[in-house]
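# Coordinate inspection notes
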Amino acid sequence: MHQEKLLLFLTNYLRKEQDFVLLFNDRPTDSEYRSLIFTKPIEVVACFKPSQIDNAFRKIEQRLHHGFYLAGFFSYECGKYFE
């Protein structure tokens, strides 16, 4: 029941947010127990052409190097880049 109340609270909160990523941990363990919510991104790294992928990964690496958290996704089509 506690988890249902938490999910209801989160969905009501996130409804007001334009951009967010929710990483919900539905099966916590002793070492992995946190869920994370990322809202109000300071930057969105996106690419729409294969020629933009290298630059996107450079930006991602720079942000990681400076201690930022990163949250998001890669589309299925991005898989060709890793072949």
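Check the entry above for the structure.
A brief structural summary. (Residues numbered from 1 in each chain as written. Predicted model: local features only at pLDDT ≥ 70, side-chain atom pairs only at ≥ 80, totals over all residues. Heavy atoms only, no water.)

Moving on, we come to the packing of aromatic side chains. Taken as a whole, this structure holds five aromatic pairs when the rule is applied. Measuring from centroid to centroid gives 5.5 Å for Phe57 and Phe74, while their planes differ by 15°, and the two rings are stacked. Of the two residues, Phe57 is situated in helix α2 (residues 53-65) and Phe74 in the segment after α2; the sequence distance between them amounts to 17 residues. On the numbers, 5.5 Å between centres and 15° between planes, the contact of Phe57 with Tyr81 is stacked. Pair noted here: Phe57 is in helix α2 and Tyr81 is in the segment after α2, with a separation of 24 residues, a long-range link. Chaining the aromatic ring pairs together yields one cluster made of Phe57, Phe74, Tyr81 and Phe82. (Phe/Tyr/Trp six-rings, centres within 6.5 Å; stacked < 30°, edge-to-face > 60°. Helix = DSSP H or I, 4+ residues; strand = E, 2+ residues; numbered from the N terminus.)

Let us look at α2. Its 13 residues place the ends of α2 18 Å apart at the C-alpha level, agreeing with the 18 Å of an ideal helix rising 1.5 Å per residue. Three or more residues of α2 are buried, namely Ile53, Ala56 and Ile60. Buried residues of α2 fall within an arc of 60° about the axis and therefore sit on the same side. Residues of α2 that are exposed and point more than 90 degrees away from the buried face comprise Glu61 and His65. Phi turns positive, to about 90°, at Gly67, one or two residues after α2. (Expected span 1.5 Å × (residues − 1). Buried < 20%, exposed > 50% of the residue type's maximum accessible area, 1.4 Å probe, protein only. Arc of directions from axis to C-beta.)

A word on the pattern of salt bridges. For the structure shown, the criterion picks out three salt bridges. In this structure, Glu43 and Lys59 form a salt bridge, with 3.9 Å as the shortest nitrogen-oxygen distance. Residue Glu43 is found in the loop between β2 (36-39) and α2, and its partner Lys59 is found in helix α2; the two are separated by 16 residues along the sequence. The exposure class assigned to Glu43 is partly exposed, which follows from its relative accessible area of 31%. (Salt bridge = Lys/Arg side-chain N within 4 Å of Asp/Glu carboxyl O.)

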